[in-house]
Every structure is written in structure tokens, then in C-alpha cells.
Amino acid sequence: MIKLTILGSCSGTEPMPGRHHEAVTFEINGKVYWFDAGENCSHMACSMGIDISKIRAIFLSHMHIDHIGGLANLIFTIHKINMMHKIPHINDSYDIYVPDPAKFEHIKALSPTHRVKGVEMIEHEVRDGVVFEDEDVRITALHNTHLKETGERGWHSYSYLIEAEGKRIVYSGDVGVPHELDELVRDGCDLLIHETGHHPVSVVCAYAKSRNVKRLLFNHHGREILRSVEDAEKIIAEKQVNAKICNDGDVELI
Ligand SMILES: [Zn+2]
């Protein structure tokens with residue numbers, strides 16, 4: 001069983017009551033795999049009983065503040081728990097996948113606890129292809145055009161495919177268009193977590209239907225959903241897609 005938790009469901013808006021910026025975790029076989037780190041994500045995770053000492057890897061889609069606003073605090077928390085509470089970290093280390101290492105230097109400067117002994121942070125620059133694999137999970141990255149970059153090594157925004165327990169789950173970074181996920185979704189997937197900050201609900205529903213997506217979770221909400229969840233739900237019903245508009249704190253078992 002894979003447990004997905006929505007720590008933050010909002011796009012990069014001004015503060016919205018009841019919603020925080022993007023962050024999602026997957027708990028698989030006793031380990032935590034963390035995607036994006038918007039404001040407040042570590043506090044939210046601790047409040048929901050997610051064990052920070054079990055973080056195996058962190059994957060960042062891109063270095064915009066609504067995806068990394070809570071990252072310095074997350075790194076601080078991982079090391080603080082190890083230092084103060086003597087709770088050993090899983091594997092004594094965790095991996096972090098960074099699309100833009102130059103910008104990540106600033107995050108590390110804000111969270112110098114990552115240098116304290118006891119748990120090692122292993123940093124990787126994200127590239128297209130399989131970026132992480134252990135006995136339980138395989139993660140594949142694919143660049144997108146959200147940041148409008150070009151060139152073979154110029155991409156700093158990524159989506160991810162998570163393969164675990166025979167399931168295929170796609171996590172969209174902020175994509176330019178949904179079809180940028182084609183290589184990850186391929187002929188279908190069990191779950192697609194799609195951001196709606198930049199795309200109409202109807203367009204994402206049509207994409208999911210055309211690609212044989214079994215279940216669609218809307219996250220990273222933009223103005224359309226924030227204005228009226230009810231109207232968005234009507235569109236989902238009309239399109240006959242198995243979809244849900246996520247809220248902070250939602251849990252999904254896959
Ligand atoms: Zn965003």
C-alpha cells in the first residue's frame with residue numbers, strides 16, 4: 001500500500017485560508033519520498049504523523065518559491081530531529097534531487113544544520129531519465145517548459161514518474177502543457193497528480209481521459225479552483241473523469 005499525503009494544495013498565490021503551497025509525500029514500505037517543499041510542509045507533515053526521520057529522498061520540480069519556500073526548514077528539521085532527539089535517520093542519509101544547484105546553495109546557506117554530523121544529505125542535479133532507484137521505488141524525471149528554457153542541459157523544471165508496488169504514478173511539475181507528460185504517462189497510469197495553477201480543469205480532464213489515467217488528483221490550485229471548487233467539480237462530473245480536487249491534509253491510499 002502506498003500512502004500519499006497532500007501537505008500543500010495551493011499554487012504560488014498570496015496566502016489562502018486553509019491552503020499552503022505545494023508539497024506531497026509518498027510513504028512506501030516504511031520510507032518517505034517527498035515531492036516539492038512549499039511553505040510550512042515540515043510542520044504539516046509532523047502534525048499529520050509523518051516520520052521525518054524516515055525520509056529517503058526529496059525531489060524538487062523547480063526552484064520557485066511555491067515549491068521550495070519550506071525547503072530550508074525541512075532540511076533544518078531533518079537534522080534537528082537527529083541532533084536533539086537522537087532519532088537516527090533511515091540509512092544515515094537522504095538524497096535530494098535539485099534542478100538548479102546554484103540556487104540550492106542559497107537554501108543550504110539558510111539551513112547550515114545540514115553540515116552537522118549524524119545524517120548525511122546527498123545532493124544530485126536532476127537530469128532526464130531514472131534518477132533514483134531502491135528496492136521499493138524507481139523515480140524517473142522528465143523536463144518541462146515551465147521555465148521556458150532551451151538546450152540540452154538548460155532545463156530546471158521537471159515532472160516525475162514514481163513506480164512502486166506495481167503502480168505507476170505521475171507527478172506533474174508545473175508543465176507548459178499537459179502533453180509534456182506523455183513520456184511519463186505513456187499508455188496510461190494509475191494516478192496522475194496534476195497542477196491546475198496554469199491549466200483549465202477541462203483541459204486537464206480531457207488530457208487524463210485521452211491518456212487512460214485511472215485516477216486524477218488536482219493539486220497546486222490556481223484561481224479557477226480557488227474561486228469555486230463547486231464549479232470545478234461540475235466540470236469534472238461533465239467530463240466523467242475519476243478525479244478529486246485536493247485539500248491540504250488529504251490522504252490517498254494507492
Ligand atoms: Zn508552482
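Before any of the text, the structure's been laid out above.
Here's what I pulled together on the structure shown here.

1. Focus: the state of the cysteines
Point 1. Taken as a whole and assessed by the stated rule, the structure comprises zero disulfides.
Point 2. Unpaired in terms of disulfides, Cys-10 finds its nearest cysteine sulfur in Cys-246, a separation of 13 Å.
Point 3. Of all cysteine sulfurs, the one in Cys-46 lies closest to Cys-41, which takes part in no disulfide; the gap is 9.7 Å.
Point 4. Residue classification places Cys-41 among the buried positions, given a relative accessible area of 1%.

2. Some thoughts on the coordination of the zinc ion
Point 1. For the zinc ion, the full set of protein donor atoms is Asp-66 (OD), His-67 (NE2), Asp-174 (OD) and His-220 (NE2), at a range of 2.1 to 2.3 Å.
Point 2. Around the zinc ion, the four donor atoms sit at angles spanning 91 to 167 degrees, and that spread fits a shape best called irregular.
Point 3. Expressed as a motif, the donor residue spacing for the zinc ion is D-H-x106-D-x45-H. Remark: Asp-174 occurs in the loop between β10 (167–171) and α5 (182–185) and Asp-66 occurs in helix α2 (residues 65–68); sequence separation between them is 108 residues. When sorted by exposure, Asp-66 lands in the same class as Asp-174, which is buried.

3. What to know about the sheet that holds strand β7 (residues 129–133)
Working definition: the strands of a sheet are paired by backbone hydrogen bonds and lie parallel or antiparallel to each other.
Point 1. Strand order in the open sheet formed by seven strands is β7-β8-β9-β10-β11-β12-β13, with mixed pairing between adjacent strands. The strands lining the two open edges of the sheet, one partner per strand, are β7 and β13 (243–245). Across the sheet, the mean angle separating the axes of adjacent strands is 20 degrees when strand polarity is ignored.
Point 2. Where strand β9 (residues 158–164) and β10 come together, five bridges link them in antiparallel fashion. Pairing of Tyr-160 across the sheet is with Tyr-171, part of β10.
Point 3. The strands touched by helix α8 (residues 229–239) are β12 (216–221) and β13; relative to β13, the strand with the most contacts, the crossing angle is about 175 degrees.

4. Regarding the sheet that holds strand β14 (residues 251–253)
Point 1. Strand order across the open sheet formed by seven strands is β6-β5-β4-β3-β2-β1-β14, with mixed pairing between neighbours. Because the sheet does not close on itself, it has two edges, and the strands there are β6 (120–125) and β14. The average angle at which neighbouring strand axes cross in this sheet is 20 degrees, direction not considered.
Point 2. Where strand β3 (residues 31–35) and strand β4 (residues 55–59) come together, four bridges link them in parallel fashion. Bridging across to β4, Trp-34 finds its partner in Ile-58.
Point 3. Taken strand by strand, helix α3 (residues 71–85) contacts β3, β4, β5 (93–98) and β6, and its axis lies near 170 degrees from that of β5.
Point 4. Against the sheet, helix α4 (residues 101–110) contacts β5 and β6, and its axis sits at roughly 155 degrees relative to β6.

5. Some words on the environment of Ile-245
Point 1. By the element assignment, Ile-245 lies in strand β13.
Point 2. On a C-alpha basis, the gap between Ile-245 and Ser-228 in space is 11 Å, while along the polypeptide they are 17 residues apart.

6. Details of the pattern of salt bridges
Point 1. One pass over the full model with this rule turns up 19 salt bridges.
Point 2. With a closest N to O distance of 3.1 Å, Arg-138 and Glu-163 form a salt bridge. Of the two residues, Arg-138 sits in strand β8 (residues 137–143) while Glu-163 sits in strand β9, which places them 25 residues apart along the sequence.
Point 3. The class of Arg-138 is partly exposed, set by a relative accessible area of 33%.
Point 4. Residue classification places Glu-163 among the buried residues on the basis of a relative accessible area of 18%.

7. A few points about the packing of α3 against α4
Point 1. Closest axis-to-axis distance for the α3/α4 pair is 9 Å, and the angle between their directions is 50 degrees. Relative to α4, the element α3 is oriented oblique. Between α3 and α4 lies a crossing whose hand is right-handed. Along its contact with α3, which presents Leu-71, Ala-72 and Ile-75, the element α4 presents Phe-104, Ile-107 and Leu-110.
Point 2. Here the residues of the contact of α3 with α4 are counted per class, giving six nonpolar, no polar and no charged.

Procedures and definitions
Residues numbered from 1 in each chain as written. Predicted model: local features only at pLDDT ≥ 70, side-chain atom pairs only at ≥ 80, totals over all residues. Heavy atoms only, no water. Disulfide = S-S within 2.5 Å. Buried < 20%, exposed > 50% of the residue type's maximum accessible area, 1.4 Å probe, protein only. Donors = N, O, S within 2.8 Å, 3.2 Å for Na, K, Ca; no water. Tetrahedral: all angles 85-135°; square planar, octahedral: opposite > 155°, others 65-115°. Helix = DSSP H or I, 4+ residues; strand = E, 2+ residues; numbered from the N terminus. Pairing = 2+ DSSP bridges. Axes fitted to C-alpha atoms, helices over the stretch in contact; angles between N-to-C directions. Contact = heavy atoms within 4.5 Å. Salt bridge = Lys/Arg side-chain N within 4 Å of Asp/Glu carboxyl O. Parallel < 35°, antiparallel > 145°, perpendicular 65-115°, else oblique. Left-handed = near helix turned anticlockwise from the far one by under 90°. Nonpolar A, V, L, I, M, F, W, Y, C, P; charged D, E, K, R; others polar.

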